[in-house]
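Coordinate analysis (summary)
Residues per chain, in single letters:
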Amino acid sequence: MPKSVYAGEDLSTHLGEVINIQENRRVLLFTDKGIESNGLVAPIEAYFQQHDIDYRIEDEITPEPSYVQVKELLEKVTTFDFGTIVAIGGGSVMDAAKLISLLRGAPYTIEDLLDNASIAKKQVPSVMIPTTAGTGSEATINAIVTIPEKQVKFGIVSSEMLPDLVLLDVNNVKKLPKSILAASAVDALSHCVECYTSKNATTFSNDIAKIGARYIFQNIITAYTDPDNVEARKALLMGAFYGGVAITASGTTAVHALSYPLGGKFHIAHGVSNAILFRQVMELNENVIIPQLASMADFVYPNNGQTGAKSKADFLISKIANIVKTVEIPTDLHKFGVQSSDMDFLVDSALQQTRLLDHNMKKLSRADVEGIYRSVLN
Ligand SMILES: NC(=O)c1ccc[n+]([C@@H]2O[C@H](COP(=O)([O-])OP(=O)(O)OC[C@H]3O[C@@H](n4cnc5c(N)ncnc54)[C@H](O)[C@@H]3O)[C@@H](O)[C@H]2O)c1
Ligand SMILES: [Zn+2]
C-alpha cells in the first residue's frame, strides 16, 4: 500500500507532509499538457508558491510512453536537484514518474530494469495524484512502458515504486472528458474483475477487488451519461484506487495479456483495448470461474434475481458487455487498423505475456488466443 492516502476535495494542503520532511524541498512537478491546459496543475502551483517551495514543471510526456521517452525525460531533469517528485495525471504520467523515482541518480538504467527490476531502489520520494478514473497506478507496483523495437508493452514491477503519498482529489475528475472517463473506468473495472478471478487471488485481494468493482459497476453509466454527477465520478476514482490495490495484491490476467500487443503495435489506448477484449475473455474463462463471477454478481447486485451460479455469472458478463456498449467504446479491431494478416504477431506477442497468462484460471492455448482476437476482428 502507498504510505499515506487521502480522498476528498482540495487536497493540495497535504503535499507538505512529504515535501517538508525532506532536506531538499525542491519539487519536480510531473504532468502532461492535457492536464495543464485543463487547469489541474494550477492549485498545486499555488500551494507551492504560498509555501515557498521551489519547483519545476515537466510536461513533455505523451500517452502510453515508451521506455525511451522515460530515459529522455530523466536526462532532461538531470540538472535540476529535486527532493520529491509530484505526479499529477493519468497512468501515463504516473508510470513515468514512478520510474523516475527509481532511476534518478541510480547506478542502473531503465534497460537494466527491463531485464531485472529486482535491483531497483527508490531514489526520490513520490506523490501520485490521479486525474483519470483510472488506472490505479497510484496504488500499484507496476509501470507500463512501450518497447518500440518489439512493438509491445511491458510491465516493470517493483514494490519500491509505491508512492509515499496519494491524493484522490475529486476536483481532478470533474471535467474528465467522457471518452477518457469511459476507457479508464473500464480499465479499472477489468483490474477488479481480473484480480478477483485470478489464480493469484487471496482473501485480501478479493475483498478489495469486490469493493472496487461495486464502486465502478454501480456508477460508471451514471458518470458517463450525467457528467455533472460528482458523486458518481468520485466513486470511480475510489474504485480505480481499489483496483490498483487489488493488482498489487493479486494481478491481472488474460484481458491485459491480450491487450498489450494492441497497445504496443496499434497504439490503441489501454482502456479501449481492454474494453474490446473484456467480454470475450470472460466468456472463454467462464466455465472455470463461475463461482467467482457469481459471488461478485451477488456482492455488486444483491437483487440480481438470478438463481444458480451459472446464471449469476452470465448476468455479470452481460453487465460488462452492456457497460462497454453504453459508454460507446468501439469493439471492432478493424476500426483501429488491425488486419487479419496481423494475427500471428498478435497471438505470438500475447502468448509471451506469461507474467499475466500464468495467473489466468484457464490455460489458454494458441487457438484460444487466436479465437478471441478473431471474434473482435469483424
Ligand atoms: N501502472 C499500472 O498499474 C497501470 C495500470 C493500468 C494502466 N497503466 C498504463 O497507464 C496508461 C494509460 O493511462 P490513462 O488511461 O490514465 O490515460 P493517460 O494517462 O494516457 O491519459 C490519456 C489522456 O487523457 C488526458 N487526461 C488525463 N486526465 C485528464 C483530465 N482530468 N482532464 C482532461 N484530460 C485528461 C491526458 O492529458 C492524456 O492526453 C497506459 O500506458 C497503461 O498501460 C498502468
Ligand atoms: Zn489496466
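It should be noted that the structure appears before, not after, this text.
Everything in this summary refers to the structure shown in the same document. (Residues numbered from 1 in each chain as written. Chains lettered and ligands numbered in written order. Predicted model: local features only at pLDDT ≥ 70, side-chain atom pairs only at ≥ 80, totals over all residues. Heavy atoms only, no water.)

Topic: the overall build of the chain
The helix and strand tally for the chain stands at 16 helices and eight strands. In terms of overall size, the chain behaves like a compact globule, its C-alpha atoms giving a radius of gyration of 20 Å where 378 residues would be expected to give roughly 21 Å. If you line up the chain on its principal axes, its C-alpha atoms span 60 × 45 × 35 Å. Out of the 378 residues belonging to the chain, those deemed buried represent 59%. Roughly 14700 Å² of accessible area belongs to the chain as shown, and the carbon and sulfur atoms make up 50% of that amount. Taking the average location of the 33 positive side-chain charges in the chain and that of its 43 negative ones, the two points are 5 Å from each other. (Helix = DSSP H or I, 4+ residues; strand = E, 2+ residues; numbered from the N terminus. Rg over C-alpha atoms; globule rule 2.2 N^0.38 Å. Buried < 20%, exposed > 50% of the residue type's maximum accessible area, 1.4 Å probe, protein only. Areas by Shrake-Rupley, 256 points an atom, 1.4 Å probe, with all protein chains shown as cover. Lys, Arg positive; Asp, Glu negative; His and termini not counted. Charge placed at Lys NZ, Arg CZ, Asp CG, Glu CD.)

Focus: the state of the cysteines
Joining two cysteines, a disulfide is a covalent bond between their sulfur atoms. Applying the stated criterion across every chain yields a total of zero disulfides. For Cys192, which is in no disulfide, the shortest distance to another cysteine sulfur is to Cys195 and amounts to 7.1 Å. Residue Cys192 is classed as buried on the basis of its relative accessible area of 0%. By relative accessible area, Cys195 is classed as buried at 0%. (Disulfide = S-S within 2.5 Å.)

Considering helix H10 (residues 254-266)
For H10, which comprises 13 residues, the first-to-last C-alpha distance of 18 Å matches the rise-based estimate of 18 Å (1.5 Å per residue) to within 8%. Here H10 lies mainly inside the structure; twelve of its 13 residues are buried. Those residues of H10 not exposed but buried are Ala254, Val255, His256, Ala257, Leu258, Ser259, Tyr260, Pro261, Leu262, Gly263, Gly264 and Phe266. Directly beyond the C-terminal end of H10, a positive phi value near 55° is found at His267. (Expected span 1.5 Å × (residues − 1).)

A few points about the site of ligand 1
Every one of the 27 residues lining ligand 1 counts as a neighbour, but Gly91, Ser92, Thr132, Thr140 and Asn142 are closest to it. In the environment of ligand 1, an oxygen atom lies 2.8 Å from a nitrogen or oxygen atom belonging to the backbone of Gly91. Starting from 870 Å² of accessible surface for ligand 1 in isolation, the protein chains cover 91%. Among the elements of the structure, helix H2 (33-37), helix H5 (91-103), strand S6 (142-147) and helix H7 (178-196) are those that each provide at least two residues to the shell around ligand 1. The element best represented in the shell around ligand 1 is H5, accounting for four residues. Counted by class, the shell around ligand 1 contains seven nonpolar, 14 polar and six charged residues. (Near = heavy atom within 4 Å. Polar contact = N/O pair within 3.5 Å; in protein donor to acceptor, adjacent residues only side chain to side chain. Nonpolar A, V, L, I, M, F, W, Y, C, P; charged D, E, K, R; others polar.)

On their own, these measurements won't tell you what the molecule is for.
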